[in-house]
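What follows is each chain in one-letter form.
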Amino acid sequence: MAEPGPPIAAADITGLVLAGGMGRRMGGADKGLQLFLGRPLAAHAVERLAPQVGPLLISANRNHGEYRRVGMQALADAPGHRRLEVVADALPEHGGLPAAAVAAPRYDGPLAGIAAGLAAARTPWLACVPCDSPLLPPDLVARLAAAATAHGAQLAVARCSQGRHPVFALMSAAVAPSLRAFLAAGGRRVRAWQDTLRTVEVDFGDAGHAFDNANTAAELRELATLAERGPARACGPRQDGSAPSPRRQNTALTVDEARAALLSGIVPVDEVERVPAAAALGRILAADLVSPIDVPAQDNAAMDGYALRGADLAPGRDAEATVIGTALAGHPYAGPVGPGQAVRIMTGAVMPDGCDTVAAQETVRRDGDRIVVPADVRAGQNRRLRGEDLRAGQVALRAGRRLSPADIGVSASLGAPALTVRRRLRVAVFSTGDELLLPGDPPRPGAIHDSNRPALLAALQDLGADTIDMGVLRDVPDALEAALVEAAGRADAVLTSGGVSVGDADFVRDVLARRGRIDFWKVEMKPGRPLAFGRLYPAGPDRAGAYLFGLPGNPVAALVSFQVMVRPALLKLAGAADAPPAFIAARCTRTLRRKPGREEYLRAVAAPGADGMLEATPVAGQGSAMLFSLSQANCLLRLPAGHGDVAAGERLQILLLDSLR
Ligand SMILES: Nc1nc2c(c(=O)[nH]1)N[C@H]1C(S)=C(S)[C@@H](COP(=O)(O)OP(=O)(O)OC[C@H]3O[C@@H](n4cnc5c(N)ncnc54)[C@H](O)[C@@H]3O)O[C@H]1N2
Ligand code: MOO
Ligand SMILES: [Mg+2]
């Protein structure tokens, strides 16, 4: 046996998730992206491996953008900033390159993925796991590392009572040349290569299901059942002992739970651009704007009047001084000001040397070049201090801000010619339903005008997104599928309305299920109960796909869901810092009879009451298909879930829809 080696720190280990399989027994599906308890398998692997290692890699042979998103998402809640890179799973002549550099997917087997991982890793050790074993042990890497150290081994590999698990392994980065040589000689079997190394097997005993993998959809379901039965049966629980939370279909969620689930599922776009400050209104600032200067840059006058020396003022007595010159904004008075002297000064003009006080012109009596300053003028008055607004080096605007007119002004006051902002979101919108008419369509029995799409497009424009109007999709599955695939390739997010409830439009669900991973939720919210959320995939690899938000068809439900759920999610996607809906307190002016039920959003008009506090009056017509009443309202009055009758004068919360009219 070799000498023991030095201990191995987690930070010295790159974690590698091998996600390059062909998915043969899953009909060629990309296995790492298949859902397990509501989330992609690869997300589970990243989440389990992340606490055990330093940097992370995923090797994949297609859908690289999606793997990056999935991986980043799995890390999103992990403390600290971590690196995660996706590498192309391919033989060494291709492997280790940035994923985008490899044109067509290759299926070179797990050793190719390991070779790519070794080529990309910057740490002395690499720990690999397959993407399809979502229950892998939380102490896997620590135990492999301890054994590698104790035995001075180049490679430590897991075994359990059923035998070796060759792709659960920790290896020294120094084995890379041996692997390249093995592959170059045509070797493909993992076990055969490992046998050429100084290897130690680490016994995980009866590891239960910790190393179970899922090669078929049926195995995946079986494993999910095992995991859901609890950590006792499924070995390798999360470190907090809990099983990952399932997001089952049709789960009822509270409004807060649904919004939190939406937000946690979103990874912001990261592309940025420079735009002139004047064109940056509503854009999301991508980097802190640090003030390069003190603002104001010099002490200056806050009033038109006379600049004085504070030392000349005596308490309780008028003071006299001789005016020796004038200071205008942009034209400072150059000379010094001595005792008993004053300078005529205008607002914004730099304080002359020696002066620290401005007496406002209307308080001063002037006779020729003599002035009399009243006794109540105090030293230091009416003077703005250098840097009192902003100091050089201070963060003036934080990354993640949605730039307001005042922000644009601030950036301009610092002389910033351009700002670095996230790129605009691209959001596609379409409506579904055979009943929908387009402008100019001849009326048909039972048909209505499509109002959701124009309203949602407008709401998106208001949010600063670039919109893609996909029109009305008829209830024809093939056309719908083609449109979804196209939208997934062009947009960051796709908004649909209709067809998400339990009705006739089930084929929409089928198509979504074929082209993406979509969950259907029931939110305890009125209006806006049904909601679909997930991801849609375009045709080719290397396209990240789009988030899908499926809004309810009822026009008010669609817009209220947008406001309460989708808007915060899109703001996060756009890179905005935390942007929860801003509820404010208001009294309800009416008595409302009501059975306790879903959290309800009533259309209401808010206006200040006699005491100045906001009062909200619900408008007539609260049916979720009654759009006119929404246009009459300026706020949504929130009645909490389970709240019964409302008394007139009761304090509740509102969400302003627009500035108060
Ligand atoms: N048995 C049940 N029925 C319904 C439930 C339920 O839980 N059980 N939920 C109700 C709720 S709440 C809502 S909201 C709606 C949601 O329906 P869908 O999202 O499936 O939408 P559709 O059935 O396609 O349409 C509903 C309604 O909205 C009109 N609509 C659809 N698109 C547009 C558009 N672009 N512009 C204008 N109006 C549109 C459509 O004509 C229907 O009237 O389901 C309830 N039913
Ligand atoms: O979501 Mo529905 O609007 O409650 O009618
Ligand atoms: Mg329909």
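Residues numbered from 1 in each chain as written. Chains lettered and ligands numbered in written order. Predicted model: local features only at pLDDT ≥ 70, side-chain atom pairs only at ≥ 80, totals over all residues. Heavy atoms only, no water.

Moving on to the site of ligand 1. Residues in contact with ligand 1 amount to 21 residues; listed here are only the nearest, E435, D450, G499, S501 and G553. One of the backbone nitrogen or oxygen atoms of N452 is found 3.3 Å away from a nitrogen atom of ligand 1. Interatomic distance of 2.9 Å between a backbone N/O atom of G553 and an oxygen atom of ligand 1. Protein burial of ligand 1: of its 870 Å² of free accessible surface, 69% is covered by the chains. Every element with two or more residues in the shell around ligand 1 is listed here: β25 (448-449) and α13 (555-573). (Near = heavy atom within 4 Å. Polar contact = N/O pair within 3.5 Å; in protein donor to acceptor, adjacent residues only side chain to side chain. Areas by Shrake-Rupley, 256 points an atom, 1.4 Å probe, with all protein chains shown as cover. Helix = DSSP H or I, 4+ residues; strand = E, 2+ residues; numbered from the N terminus.)

Quick look at a positive patch on the surface now. Taken together, K522, K526, R529 and K595 make up a surface patch of like positive charges. Following the sequence through the fold, K595 ends up in the loop between β32 (583-588) and β33 (599-608). (Patch = residues over 30% accessible without salt bridge, like charges linked within 9 Å, V, L, I, M, F, W, Y side chains within 5 Å. Salt bridge = Lys/Arg side-chain N within 4 Å of Asp/Glu carboxyl O. Lys, Arg positive; Asp, Glu negative; His and termini not counted. Charge placed at Lys NZ, Arg CZ, Asp CG, Glu CD.)

Let's shift gears to the site of ligand 2. Contacts to ligand 2 come from P527, G528, R529, P530, N554, A557, R598 and S624. Within the side chain of N554, a nitrogen or oxygen atom sits 3.3 Å from an oxygen atom of ligand 2. Partitioning the shell around ligand 2 into residue classes produces three nonpolar, three polar and two charged. (Nonpolar A, V, L, I, M, F, W, Y, C, P; charged D, E, K, R; others polar.)

As a further point, take helix α1 (residues 41-49). For α1, the buried fraction is high: eight of the nine residues fall into the buried class. When we look at burial in α1, the residues that qualify are L41, A42, A43, H44, A45, V46, R48 and L49. (Buried < 20%, exposed > 50% of the residue type's maximum accessible area, 1.4 Å probe, protein only.)

Here we come to the UniProt feature "binding site: Mg(2+)" (unreviewed entry) in the protein chain. Under the feature "binding site: Mg(2+)" (unreviewed entry), the UniProt entry names D132. Along the chain, D132 turns up in the loop between β6 (125-130) and α4 (140-151). Residue class for D132 comes out buried when judged on its relative accessible area of 5%. Leave out the neighbours within four places in its chain, and D132 touches K31, L41, D212, N213, A214 and N215. There is a polar contact of 2.6 Å between the side chain of D132 and the side chain of K31. (UniProt positions renumbered as here; feature names shortened; annotations may be inferred. Contact = heavy atoms within 4.5 Å.)

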